[in-house]
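Commentary on secondary and tertiary structure
Now for the letters of each chain:
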Amino acid sequence: MRKPHLILVAALAFPGVAAAETWRVVEGPQGATKGSWNVTISGETVTGNGTMDGSSGGRVTYSVVGALKDGYFLLKRANPRDGVPCDYVGKAAGEGFRGSATCNGQQGPWIVKRDK
C-alpha cells in the first residue's frame, strides 16, 4: 500500500489521528488555475488552506473546509480573498483524484495530486 493510502486509511480508522498532506491542485478550463493546498484529515473532517495562481496572474488564498464521505471529498473554499466561493467534489483514487469545482455557478474540472 502506498504512503498516501496509508495516511488516508489511518485517518479514517483512527479518528483522533490527524494526517497532514500537501495537494497540488489544478482547476478550471484548460487547467488555468494552479496551486497547492495544505490540508489535515482527521476522521471524516478536512481542514486547511489553499493558495492558487489564476489565469489572470492574481494569487488567491483561502481556507479549505469539508469532509470525506464514502470515498468522496466534499470541500468548500472558505473566506477567499477574491470573494469567489467554490464547492469541490472528488473521488479519492491512487495518488490523487479527479472531480469538479463549481465557482460562482460555473463548473469545471478539479484535479489533485497528493504529495508523497
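Now for a quick tour of the structure. (Residues numbered from 1 in each chain as written. Predicted model: local features only at pLDDT ≥ 70, side-chain atom pairs only at ≥ 80, totals over all residues. Heavy atoms only, no water.)

Right, let's get into the packing of aromatic side chains. Each pair of aromatic rings is reported with the distance of its centres and the angle of its planes. In total, this model carries nine aromatic pairs according to the counting rule given. Consider the rings of Trp-23 and Phe-97, whose centres lie 5.1 Å apart with planes at 85°: the pair is edge-to-face. Remark: Phe-97 occurs in strand 7 (residues 96–103) and Trp-23 occurs in strand 1 (residues 18–27); sequence separation between them is 74 residues. Taking the relative accessible area as the measure of exposure, Trp-23 reaches 0% and is therefore buried. (Phe/Tyr/Trp six-rings, centres within 6.5 Å; stacked < 30°, edge-to-face > 60°. Helix = DSSP H or I, 4+ residues; strand = E, 2+ residues; numbered from the N terminus. Buried < 20%, exposed > 50% of the residue type's maximum accessible area, 1.4 Å probe, protein only.)

Let us look at the pairing of strand 1. Here strand 1 shows a clear split, with Ala-19, Glu-21, Trp-23, Val-25 and Glu-27 buried on one side and none of Ala-18, Ala-20, Thr-22, Arg-24 and Val-26 buried on the other. Of the pairings in the sheet, the one linking strand 1 to strand 2 (residues 33–42) comprises ten bridges and is antiparallel in character. Counterpart to Thr-22 in the pairing with strand 2 is Asn-38. Taking the residues between adjacent antiparallel strands as the criterion, strand 1 and strand 2 are bridged by five residues, where Gly-28 takes a positive phi near 85°. Pairing analysis gives five bridges linking strand 1 to strand 8 (residues 106–114), with the strands arranged antiparallel. The residue bridging Arg-24 from the neighbouring strand is Lys-113, located in strand 8. (Pairing = 2+ DSSP bridges.)

The subject of this paragraph is the pattern of salt bridges. Tallying each qualifying case throughout the model produces six salt bridges. Notably, a salt bridge pairs Asp-87 with Lys-76, separated by 2.5 Å at the nearest N-O pair. Of this pair, Asp-87 sits in strand 6 (residues 86–93) while Lys-76 sits in strand 5 (residues 72–78), and the two are eleven residues apart along the sequence. Assessed through its relative accessible area of 35%, Asp-87 is described here as partly exposed. The class for Lys-76 is partly exposed, based on a relative accessible area of 46%. (Salt bridge = Lys/Arg side-chain N within 4 Å of Asp/Glu carboxyl O.)

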